[in-house]
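Here is how the chains run, residue by residue.
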Amino acid sequence: MSTRRLIVDVDTGIDDSLALLYLLASPEAEIVGIASTSGNVPSAQVAANNLNWLGVCDAPDIEVALGAHAPLVAPLRTTEDTHGPQGVGYAVLPDAGRVLSGRNAATMWAELVRARPGEITGLVTGPLTNLALAIREEPELPRLLRRLVVMGGAFNHPGNTTPTAEWNVSVDPEAAKEVFDAFSGLPEGRRPVLCGLDVTETIEMKPHHVRRLAREAGSTPAEIISPDDGPEVRSTASNQVIRHMSDAIRFYMDFHRTHDQGFLAHMHDPFAAAVALNPGLARTRPATVDVELHGRLTRGTTVADWVGHWNRDPNVDIAVSTDPVVFFDDLIDRVGRFAKSVG
Ligand code: BDR
Ligand code: CA
């Protein structure tokens, strides 16, 4: 099994949390740095969540860097109603007592990629602010990276933030445009993979997935989460990873339920994490993607040219389909086994 070195750039976030757990649980993944980006919650809270998840998982001392407080141009918007007051739903993670990196997230990106040219896969599951800043610091970054995988955009699909825009791009459209432009001109096989809502909204986590995960981890009692649980209810799982994860996910399911999507949660970010380790998980199509910056109604919309209207070469591969059952079996197997080993 060959090692996949990763920089993970997150706005943790409930689904970001599960993406982190998935990677920590994956023996072939070596996380060399975690960048904390403002998005779901402000970057300082994101950084605290990242450090505390590492603590809950008894993980090695992985570098966690603080990112910019606000997007490149727009004022910061956060979404505690989606992810909970601290970004981890109903969970309250114990303070790990771990310390932040002395360098900021953009510098960490640039320096890590420079030190290991061609080796690192970048995974971004939040706004692209820090990656854009890193590219300003190291313009060769797109060519120094082995591959970039991004959760972001909505292509032949409605948005989740405006009728046409997806959250990560909508929070910092200028950053997304800078990144997609900077990654133009790469050959097939090196183009960024975009996991947009078209596919990530097919990744529906349901209570039976959480129950299976807990069972795999050997956690007791059976982990049964229900839409009838009030906001005061907390998991009593014997396994600490399962306990915090379940409290986080139940909040996300409540959010989806109150938005008429059912008692389930779209696991956007764990899917992108799985694609970063195994690109074959998603069927992709090349396209040229640009970001609308000015539309009164459409700012932050990702526009994909699939057929060459713009006479510009494809700059990304867009995930167009996957098998959610394969994804969930893999997630449950990995995270369940990992949680069991942590206890
Ligand atoms: C994205 O927005 C965030 O709220 C999630 O963490 C995910 O990265 C989905 O649009
Ligand atoms: Ca996210």
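Shown above is the structure to which this text applies.
Residues numbered from 1 in each chain as written. Chains lettered and ligands numbered in written order. Predicted model: local features only at pLDDT ≥ 70, side-chain atom pairs only at ≥ 80, totals over all residues. Heavy atoms only, no water.

A.B. asks: Describe the nonpolar core, with residues and values.
C.D. replies: Within the largest apolar cluster, 71 residues are counted, with the highest numbers of intra-cluster contacts made by Leu23, Met205, Phe271 and Leu331. In this view, Leu23 contacts Leu6, Val8, Ala29, Ile31, Leu123, Ala273 and Leu277; residues no more than four positions away in its chain are not counted. Core analysis: the second largest hydrophobic core is formed by 37 residues, Val32, Ile120, Ala132 and Val291 among them. (Core = buried A, V, L, I, M, F, W, Y, C linked by side-chain atoms within 4.5 Å. Buried < 20%, exposed > 50% of the residue type's maximum accessible area, 1.4 Å probe, protein only. Contact = heavy atoms within 4.5 Å.)

A.B. asks: Any details on the pairing of strand 4 (residues 120–124)? Residues and values, ideally.
C.D. replies: Most of strand 4 is tucked away: five of the five residues are buried. Here strand 4 shows two buried faces, one formed by Ile120, Gly122 and Val124 and the other by Thr121 and Leu123. Examined bridge by bridge, strand 1 (residues 4–10) and strand 4 share five bridges and lie parallel to one another. Counterpart to Arg5 in the pairing with strand 4 is Ile120. In this structure, strand 4 lies alongside strand 5 (residues 147–151), joined through four bridges in parallel fashion. (Helix = DSSP H or I, 4+ residues; strand = E, 2+ residues; numbered from the N terminus. Pairing = 2+ DSSP bridges.)

A.B. asks: Tell me about the site of ligand 1, residues and numbers included.
C.D. replies: Around ligand 1 lies a shell of 13 residues, among which Asp15, Asn40, Asn160, Glu166 and Asp269 are the nearest. In this structure, Asp269 approaches ligand 1 through a side-chain N or O atom, which is 2.7 Å from an oxygen atom. Burial of ligand 1 by the surrounding chains reaches 97%, relative to a free accessible area of 280 Å². The set of elements that each furnish at least two residues to the shell around ligand 1 consists of helix 1 (14–24), helix 7 (167–171) and helix 12 (268–277). (Near = heavy atom within 4 Å. Polar contact = N/O pair within 3.5 Å; in protein donor to acceptor, adjacent residues only side chain to side chain. Areas by Shrake-Rupley, 256 points an atom, 1.4 Å probe, with all protein chains shown as cover.)

A.B. asks: Could you give an account of the pattern of salt bridges, with specific residues and numbers?
C.D. replies: A complete count under the given rule lists 21 salt bridges for this structure. Between Arg5 and Glu119 there is a salt bridge, and its shortest N-O distance comes to 2.8 Å. Taken as a pair, Arg5 in strand 1 and Glu119 in the loop between helix 4 (105–115) and strand 4 lie far apart in primary sequence, 114 residues in all. A relative accessible area of 23% means that Arg5 is categorised as partly exposed. (Salt bridge = Lys/Arg side-chain N within 4 Å of Asp/Glu carboxyl O.)

A.B. asks: Any details on the coordination of the calcium ion (ligand 2)? Residues and values, ideally.
C.D. replies: Coordination of the calcium ion (ligand 2) by the protein is provided by Asp11 (OD), Asp16 (OD), Asp16 (OD), Thr125 (O) and Asp269 (OD), with metal-donor distances spanning 2.2 to 2.6 Å. When the donors of the calcium ion (ligand 2) are listed by position in the chain, the intervening gaps give D-x4-D-x108-T-x143-D. Of this pair, Asp16 sits in helix 1 while Asp269 sits in helix 12, placing them 253 residues apart in sequence. For the pair Asp16 and Asp269, one class covers both residues: buried. (Donors = N, O, S within 2.8 Å, 3.2 Å for Na, K, Ca; no water.)

A.B. asks: Please set out the sheet that holds strand 10 (residues 302–305) residue by residue, giving values where relevant.
C.D. replies: One open sheet accounts for nine strands, arranged 3-2-1-4-5-6-11-9-10; its pairing is mixed. Strand pairing shows two members of the sheet lacking a second neighbour, strand 3 (64–66) and strand 10, which therefore form its edges. Neighbour-to-neighbour, the strand axes of the sheet open up by a mean angle of 30 degrees, direction not taken into account. Looking at chain direction, strand 9 (residues 282–291) and strand 10 are connected through four bridges and run antiparallel. Within strand 10, the position partnered with Asp290 by the bridge is Val303. (Axes fitted to C-alpha atoms, helices over the stretch in contact; angles between N-to-C directions.)

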